[in-house]
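Each chain is listed here by its residues.
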Amino acid sequence: MKIIEGKLSLKGDEKIAIVNGRFNHIITDRLVEGAKDSFLRHGGKEENLDLILVPGAFEIPFALEKALASGRYDAVCCVGAVIRGATPHFDYISAEATKGIANVTLKYGKPVSNGVLTTDTIEQAIERAGSKVGNKGAEAMTTIIEMLDLYSELGK
Ligand SMILES: Nc1c(NC[C@H](O)[C@H](O)[C@H](O)CO)[nH]c(=O)[nH]c1=O
Ligand SMILES: CC(=O)[C@@H](O)COP(=O)(O)O
């Protein structure tokens, strides 16, 4: 059986954007740091990495659409932090952000990852932004690095 999977390495010329929802920036700043660190450690060049900032997770799909439509990027890493409050707002924001990212991704056929935290508590978010559970921003970047290599494997 032939197994086809992407390697965790970049060629060095890949142009990647991070789309970050600034809401809960105490958390999302750490997710961006993790994503950037993963990009550089896997062979990416800092001049090929753009950071696109939007107010919150709800606006991520819009920025993702514009970034991919521009043709400037080989892949996009989305990060954000939706943390439950006292009203049902959490359910709507997290659902729309997730659905929006998925819908836009399918439109362009380029690797996109979803590093948007959806947590019940700030503690859970802290644990996923570079402490006990890891850094979901770094994981999201590593995902598109693997997917970029898989795409090139499949395109051969
Ligand atoms: N509560 C959170 C939000 N809310 C803001 C929305 O994302 C959006 O910016 C607003 O509704 C205006 O359109 N955003 C997050 O990223 N995280 C939250 O916890
Ligand atoms: C995810 C949210 O929108 C949430 O943080 C807002 O908090 P609240 O539901 O208390 O207004």
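Within each chain, residues carry numbers counting from 1 in the order of the written sequence. Here the convention is simple: chains get letters from A, ligands get numbers from 1, in the order in which they are written. In view of the model being predicted, local features appear only for residues whose pLDDT reaches at least 70, and side-chain atom pairs are presented and counted only at 80 or more, with totals across whole chains, interfaces and linings using the full set of residues. Note: side-chain values were computed over all heavy atoms of the structure, leaving out hydrogens and water.

### Let's talk about the overall build of the protein chain
Working step 1: Here a strand is any run of E in DSSP of at least two residues, a helix any run of H or I of at least four, and the numbering for each starts at the N terminus. On a plain count of helices and strands, the protein chain comes out with five helices and six strands.
Working step 2: Beginning at the N terminus, the succession of helices and strands in the protein chain can be written as β-α-β-α-β-α-β-α-β-β-α.
Working step 3: Relative to the globule expectation of 15 Å for 156 residues, the C-alpha radius of gyration of the protein chain, 15 Å, shows essentially globular dimensions.
Working step 4: Among the 156 residues that make up the protein chain, the fraction classed as buried is 42%.
Working step 5: Between two residues, a contact is recorded if the distance between any of their heavy atoms is within 4.5 Å. Long-range contacts, defined here as pairs at least 24 residues apart, represent 79% of the contacts in the protein chain between residues at least 6 apart.
Working step 6: The Shrake-Rupley method, run with a 1.4 Å probe, gives the accessible areas here. Residue values count only the displayed protein chains as cover. Within the structure as shown, the protein chain displays about 8400 Å² of accessible surface, and the carbon and sulfur contribution to it stands at 56%.
Working step 7: Counting rule for charge: Lys and Arg are taken as positive, Asp and Glu as negative, and neither His nor the chain ends is counted. In this description, the location of a charge corresponds to atom NZ of lysine, CZ of arginine, CG of aspartate or CD of glutamate. Computing the positive centroid from 19 side-chain charges and the negative centroid from 21, the protein chain places the two 3 Å apart. Note that the radius of gyration is over C-alpha atoms, with the globule rule given as 2.2 Å times the number of residues to the power 0.38. With a 1.4 Å probe rolled over the protein chains alone, any residue whose accessible area is under 20% of its type maximum counts as buried; one over 50% counts as exposed, and the rest are partly exposed.

### Thoughts on the packing of helix α2 (residues 60-70) against helix α3 (residues 89-108)
Working step 1: The geometry of α2 relative to α3 is characterised by a closest axis approach of 8 Å and an angle of 15 degrees between their N-to-C directions. As judged from the angle between their axes, α2 and α3 are roughly parallel. For the pair α2 and α3, the sense of crossing is right-handed. In contact with I60, P61, L64, E65, L68 and A69 of α2, α3 contributes E96, A97, G100, I101, V104, T105, K107 and Y108.
Working step 2: Polar here means any residue outside two lists: the nonpolar Ala, Val, Leu, Ile, Met, Phe, Trp, Tyr, Cys and Pro, and the charged Asp, Glu, Lys and Arg; Gly therefore counts as polar. Across the contact of α2 with α3, the residue classes break down as nine nonpolar, two polar and three charged. The convention used is that axes are lines fitted to C-alpha atoms, helices contributing only their stretch in contact, and that angles between N-to-C directions extend from 0 to 180 degrees. The cut-offs work like this: below 35 degrees is roughly parallel, past 145 is roughly antiparallel, 65 to 115 is roughly perpendicular, and the gaps in between are oblique. Crossings are sorted by hand: turned counterclockwise from the far helix by less than a right angle, the near helix makes the crossing left-handed, and turned clockwise it makes it right-handed.

### Structural notes on the site of ligand 2
Working step 1: Whether a residue is near a molecule or strand is decided by its heavy atoms; if any one of them lies within 4 Å of it, the residue is near. Looking at ligand 2, the residues that line it are V82, I83, G85, A86, T87, H89 and F90.
Working step 2: One of the backbone N or O atoms of A86 is found 2.8 Å from an oxygen atom in ligand 2.
Working step 3: In protein, a polar contact requires one atom able to donate a hydrogen and another able to accept it; more generally it is a pair of N or O atoms within 3.5 Å, and residues adjacent in sequence count only if both atoms are side-chain atoms. With respect to ligand 2, the side chain of H89 contributes an N or O atom lying 2.5 Å from an oxygen atom.
Working step 4: Out of a free accessible area of 320 Å², ligand 2 has 70% covered by protein chains.
Working step 5: Those elements that place two or more of their residues in the shell around ligand 2 are β3 (75-83) and α3.
Working step 6: Classifying every residue of the shell around ligand 2 gives four nonpolar, three polar and no charged.

### Observations concerning the site of ligand 1
Working step 1: Close to ligand 1 lie F23, N24, G56, A57, F58, E59, A81, V82, I83 and I93, which account for all nearby residues.
Working step 2: In this structure, an oxygen atom belonging to ligand 1 sits 2.8 Å away from a main-chain N or O atom of A57.
Working step 3: Notes on ligand 1: free accessible area 430 Å², of which the protein chains cover 76%.
Working step 4: Note on definitions: the grid is 1 Å and covers protein atoms alone; a cavity is a set of points where a 1.4 Å probe fits but cannot get out; a pocket is an open set with protein on both sides within 12 Å along at least five of seven lines; lining residues have an atom within 4 Å of a point. Each molecule is checked against the cavity or pocket grid, and it sits inside if more than half of its atoms lie within 2 Å of the grid points. Spatially, ligand 1 is embedded in the largest pocket.
Working step 5: In terms of residue count, β3 provides more of the shell around ligand 1 than any other element does, three residues in total.
Working step 6: Of the residues contributing to the shell around ligand 1, the split by class is seven nonpolar, two polar and one charged.

### Some thoughts on the state of the cysteines
Working step 1: The term disulfide is used for any two cysteine sulfur atoms that are within 2.5 Å. Under the criterion given, the structure shown has zero disulfides.
Working step 2: As a non-bridged cysteine, C78 has C77 as the owner of its nearest cysteine sulfur, 6.9 Å distant.
Working step 3: When its relative accessible area of 0% is taken as the criterion, C78 is described as buried.

### Examining the sheet that holds strand β1 (residues 16-21)
Working step 1: For two strands to count as paired, DSSP must find a minimum of two bridges between them. Taken together, four strands build an open sheet; the order of strands is β2-β1-β3-β4 and the sheet is parallel. Looking at which strands have only one partner, the edges of the open sheet turn out to be β2 (49-54) and β4 (112-119). Taking the axes of each pair of neighbouring strands and ignoring which way they run, one obtains an average angle of 15 degrees across the sheet.
Working step 2: Strands β3 and β4 of the sheet are contacted by α3, whose axis makes an angle of about 175 degrees with β4.

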